[in-house]
Amino acid sequence: MRVLAAVHQLDGYPVHWPDQPREWLSRGPLLGSWVAELAGRTVGHVTLSQGGEGDLAPTLWSELNGAARGGTAVVGRLFVDPQARGHRIGALLMGQAQEEARRRGLHPVLDVVTSDRAAAALYERLGWELMATVEQQWSPDLTVAVHCYAAPS
């Protein structure tokens, strides 16, 4: 929780601090979750899950590829301790999630808010393809713009 709080304070991720951060990290139909350690302390986190109701990228990828929506896995909850950045931890965590999705025969996808430019830059450096930028309804009075990415084929 210390790392997540530091990331939230510096980067504003997650956009809305969850009431129960531990539950937020493991919410949904998880396929896997990984942490990164550096010098004996946790410095990063990522999850892989089946697409949920609010995930736009799985539907978009399926429509673009003429495939079943169940053929994707969503990468999420990626964050790296600000004090540990510059060690390729984000790339390593993304690689782990991507490898697990492929092992399961699934294509990795993700959504990211457009304001998170650093995350989008990481995904693009790793070869992820921007499928679209769309509006997503987060609550009755909040709509946000999100980029939908797919891992390279």
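Quick notes on the rules
- Residues numbered from 1 in each chain as written.
- Predicted model: local features only at pLDDT ≥ 70, side-chain atom pairs only at ≥ 80, totals over all residues.
- Heavy atoms only, no water.
- Helix = DSSP H or I, 4+ residues; strand = E, 2+ residues; numbered from the N terminus.
- Rg over C-alpha atoms; globule rule 2.2 N^0.38 Å.
- Buried < 20%, exposed > 50% of the residue type's maximum accessible area, 1.4 Å probe, protein only.
- Contact = heavy atoms within 4.5 Å.
- Areas by Shrake-Rupley, 256 points an atom, 1.4 Å probe, with all protein chains shown as cover.
- Lys, Arg positive; Asp, Glu negative; His and termini not counted.
- Charge placed at Lys NZ, Arg CZ, Asp CG, Glu CD.
- Pairing = 2+ DSSP bridges.
- Axes fitted to C-alpha atoms, helices over the stretch in contact; angles between N-to-C directions.
- Arc of directions from axis to C-beta.
- Salt bridge = Lys/Arg side-chain N within 4 Å of Asp/Glu carboxyl O.

Remarks on the overall build of the protein
What the protein contains, in helices and strands, is 5 helices and 6 strands. Taken from the N to the C terminus, the helices and strands of the protein come in the order α-α-β-β-α-β-α-β-α-β-β. Relative to the globule expectation of 15 Å for 153 residues, the C-alpha radius of gyration of the protein, 15 Å, shows essentially globular dimensions. For the protein, the residues scored as buried account for 42% of the 153 residues in total. Across the protein, the fraction of contacts at a sequence separation of at least 24, relative to all contacts at a separation of at least 6, is 60%. Surface accessibility of the protein: about 8400 Å² in total, with carbon and sulfur atoms responsible for 50%. With 13 positive and 16 negative side-chain charges, the protein shows a separation of 7 Å between the mean positions of the two kinds.

Observations regarding helix H3 (residues 57–65)
Within the span of H3, buried status applies to Ala-57, Pro-58, Leu-60, Trp-61 and Ser-62. Those residues of H3 that are buried are in contact with strand E3 (72–80), strand E4 (107–113), strand E5 (129–139) and strand E6 (142–150). Among the residues trailing H3, Gly-66 stands out with phi positive, at a value near 60 degrees.

Things to note about the sheet that holds strand E1 (residues 30–38)
The strand order E1-E2-E3-E4-E6-E5 describes an open sheet built from 6 strands, whose pairing is mixed. The open sheet has two edge strands with one neighbour each: E1 and E5. Each strand axis lies, on average, 30 degrees off the axis of its neighbour in the sheet, ignoring direction. Examined bridge by bridge, strand E2 (residues 41–49) and E3 share 5 bridges and lie antiparallel to one another. Within the sheet, the bridge partner assigned to Thr-47 lies in E3 and is Gly-76. Along the sheet face, H3 touches E3, E4, E5 and E6 and points at about 130 degrees away from the line of E4.

Overview of helix H5 (residues 117–125)
When we look at burial in H5, the residues that qualify are Ala-119, Ala-120, Leu-122 and Tyr-123. One face of H5 carries all of its buried residues, which in axial projection span an arc of 160 degrees. In H5, those exposed residues whose orientation departs by more than 90 degrees from the buried face are Arg-117, Ala-118 and Arg-125. Here the buried face of H5 lies against E3, helix H4 (89–103), E4 and E6. Phi turns positive one or two residues past the end of H5, at Gly-127, with a value near 90 degrees.

Some words on the environment of Trp-17
Along the chain, the position of Trp-17 falls in the loop between helix H1 (2–11) and helix H2 (21–26). Relative accessible area serves as the criterion here: at 36%, Trp-17 is assigned to the partly exposed category. C-alpha separation for the pair Trp-17 and Met-131, spaced 114 residues apart in sequence, amounts to 27 Å. In this structure, Trp-17 is in contact with Leu-4, Ala-5 and His-8, ignoring residues within four places of it in sequence.

A look at the pattern of salt bridges
Going through the model one piece at a time under the given rule, you end up with 5 salt bridges. A salt bridge links Asp-81 to Arg-41, with the nearest nitrogen and oxygen atoms 2.9 Å apart. Taken together, the residues Asp-81 in the loop between E3 and H4 and Arg-41 in strand E2 connect sequence positions 40 residues apart. For Asp-81, a relative accessible area of 2% corresponds to the buried category.

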